[in-house]
Amino acid sequence: MLKNFWYALEFADKVGRTPRQVRCLGQDFVLYRTESGEPICLSDLCVHRGGALSMGTVSGDCITCPYHGWQYDSNGVCVRIPANAPERAIPRKARVDAYPAVERYGMVWAFLGDLPEEQRPPIPEIPQWADPSFRAVQYEMVVDANYERTFENVVDASHTPFVHGTAFGNPDKPEIPDFRVRQTDWSAEADIPLSPPPPKGLWGLLFRGKELPDFVTVTNAWYLPNIVKLHVRLPIGDLMLYDFNIPLSQDRTLIKILGFRNFFTGGWADGNTRKRIEKILLQDRPVVESQRPELLPFDLSDELHVRSDALQVAYRRRRAQLIKDGWWVGGDDVVTGDSPRRRATVLAS
Ligand code: FES
């Protein structure tokens with residue numbers, strides 16, 4: 001798992017004044033908002049006796065542990081110990097890890113790492129969020145697979161005719177012409193020609209007698225550490241899915257999706273969009289859950305790659321570099337934070 005990145009932890013409208021527990025990189029966090037609406041992200045482990053702050057209450061900008069009432073401010077510093085006599089000082093070690101948090105593009109993000117602000121990789125841009133011609137829907141599903149397997153699966157174009165042959169792939173034309181990968185330090189993107197399936201049902205009637213293109217262009221992209229974009233150009237408009245592959249643990253992933261469409265933009269079509277997203281994920285799920293080894297190999301040569309795997313290969317190469325640079329955490333490693341108790345709070349399952 002990669003540290004030193006902004007992780008989208010929750011849909012922004014799910015984070016309010018009531019504390020909310022979320023999990024990422026095998027660690028529990030508590031999210032809440034201050035009186036002025038700023039999102040706060042703290043370790044969800046009280047340093048007194050390990051109570052879950054997410055079961056506590058928020059007042060002002062502080063959160064109170066439900067067990068013995070210790071109160072922490074939005075920087076994670078304990079400011080009140082009710083059982084102590086008033087003249088007794090609060091120990092300096094009485095603090096929980098606090099993580100920089102922001103709200104952007106309808107998500108609450110937390111920076112999970114130890115880099116100073118100026119060295120942090122950027123949050124990827126999601127321009128459709130502020131574009132009034134697009135309508136957004138949310139969807140989420142838990143998959144019993146490692147997040148890098150689910151992440152790579154979305155940019156993997158060549159599985160489409162086989163896994164999604166009944167949805168949007170064409171099993172009769174699985175070949176993929178060569179495509180070029182555009183890469184930065186933090187992302188990679190490619191316009192991939194895919195053969196569309198013969199139109200069925202209503203589409204079949206609409207396109208009867210019309211000549212259909214051999215290929216349509218689908219744009220796939222990944223953004224470090226765990227986001228994938230799928231841009232499908234349909235005859236009626238654009239559908240874009242941003243998948244946030246959140247590592248709950250080494251072998252469990254919470255996939256949160258922000259989906260955007262610029263057609264049928266009334267709320268009446270939201271349910272149908274979610275159903276389509278669910279159908280695609282349910283087709284992917286048994287395949288990614290069955291992949292072995294469960295974890296993505298560290299060595300590029302441990303699996304075979306062909307030309308159509310270019311986006312995944314770009315990811316594995318970049319990941320190898322980041323691992324070399326010490327951005328990888330797993331097992332007993334420490335993710336982040338400056339508390340002496342951090343080893344107890346990180347990657348505990
Ligand atoms: Fe949190 Fe005691 S465990 S106050």
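Because the structure is predicted, anything quoted here is derived from the model rather than measured.

Take the sheet that holds strand E13 (residues 181–183) next. Strand order in the open sheet made by the seven strands is E12-E18-E17-E16-E15-E14-E13, with antiparallel pairing throughout. Lying at the two open borders of the sheet, with one neighbouring strand each, are strand E12 (135–143) and E13. Within the sheet, the average angular offset between the axes of one strand and its neighbour, ignoring direction, is 15°. Relative to strand E17 (residues 237–249), strand E16 (residues 227–234) runs antiparallel, the two sharing eight bridges. Pairing of Leu230 across the sheet is with Leu241, part of E17. Its contacts with the sheet put helix H4 (residues 270–290) on E12, E17 and strand E18 (252–261), and the angle it makes with E12 is roughly 25°.

Ranked by size, the top nonpolar core spans 78 residues in total, and within it Leu2, Trp109, Trp222 and Phe244 carry the most contacts. Among the elements that line this core, the one with the most residues is E17, at seven residues. With near-sequence residues (within four places) excluded, Phe244 lies in contact with Ala8, Met107, Trp109, Ile126, Asn226, Ile227, Leu254, Ile255, Lys256 and Leu258. Ranked by size, the runner-up nonpolar core spans 16 residues in total, among them Val47, Cys65, Trp70 and Tyr72.

Of all seven residues making up strand E3 (residues 27–33), six are buried, and the element is well covered by its neighbours. The pairing of strand E2 (residues 20–24) with E3 spans five bridges and is classified as antiparallel. Paired with Gln21 across the strands is Val30, a residue of E3. In this sheet, strand E4 (residues 39–43) lies alongside E3 in antiparallel orientation, the contact comprising five bridges. Note on E4: the bridge partner recorded for Tyr32 is Ile40. Where E3 folds back onto E4 in an antiparallel hairpin, the turn is made up of five residues, including Gly37, whose phi is positive at roughly 95°.

This part covers the pairing of E16. Within E16, six of the eight residues are buried, which leaves the element mostly enclosed by the surrounding structure. Here strand E15 (residues 216–223) runs beside E16; their pairing, made up of six bridges, is antiparallel. Along E16, the bridge assignment pairs Asn220 with Leu230. Where E15 hands over to E16, the hairpin turn is made up of three residues, counted between the paired strands. Linking E16 back to E17 in an antiparallel pair, the connection comprises two residues.

Scanning all chains against the criterion turns up 19 salt bridges. A salt bridge links Arg33 to Glu103; the shortest N-O distance between them is 2.8 Å. Residue Arg33 is found in strand E3, and its partner Glu103 is found in strand E10 (residues 101–104); the two are separated by 70 residues along the sequence. With a closest N to O distance of 2.8 Å, Asp270 and Arg135 form a salt bridge. Placement of the pair is Asp270 in helix H4 and Arg135 in strand E12, with a sequence separation of 135 residues. In this structure Arg135 comes out as partly exposed when scored by relative accessible area, which is 29%. Among the charged side chains, a network of salt bridges with common partners joins Glu10, Arg20, Glu140 and Lys256.

For the rest of this paragraph, the subject is the packing of helix H1 (residues 147–155) against helix H5 (residues 310–324). In contact at an axis separation of 9 Å, H1 and H5 are set at 140° when each is read in the N-to-C sense. Judged by residue contacts, Tyr147, Glu148, Arg149, Phe151, Glu152 and Val155 of H1 engage Leu311, Gln312, Tyr315, Arg316 and Arg319 from H5. Counted by class, the contact of H1 with H5 contains five nonpolar, one polar and five charged residues.

About the criteria used
Residues numbered from 1 in each chain as written. Predicted model: local features only at pLDDT ≥ 70, side-chain atom pairs only at ≥ 80, totals over all residues. Heavy atoms only, no water. Pairing = 2+ DSSP bridges. Helix = DSSP H or I, 4+ residues; strand = E, 2+ residues; numbered from the N terminus. Axes fitted to C-alpha atoms, helices over the stretch in contact; angles between N-to-C directions. Contact = heavy atoms within 4.5 Å. Core = buried A, V, L, I, M, F, W, Y, C linked by side-chain atoms within 4.5 Å. Buried < 20%, exposed > 50% of the residue type's maximum accessible area, 1.4 Å probe, protein only. Salt bridge = Lys/Arg side-chain N within 4 Å of Asp/Glu carboxyl O. Nonpolar A, V, L, I, M, F, W, Y, C, P; charged D, E, K, R; others polar.

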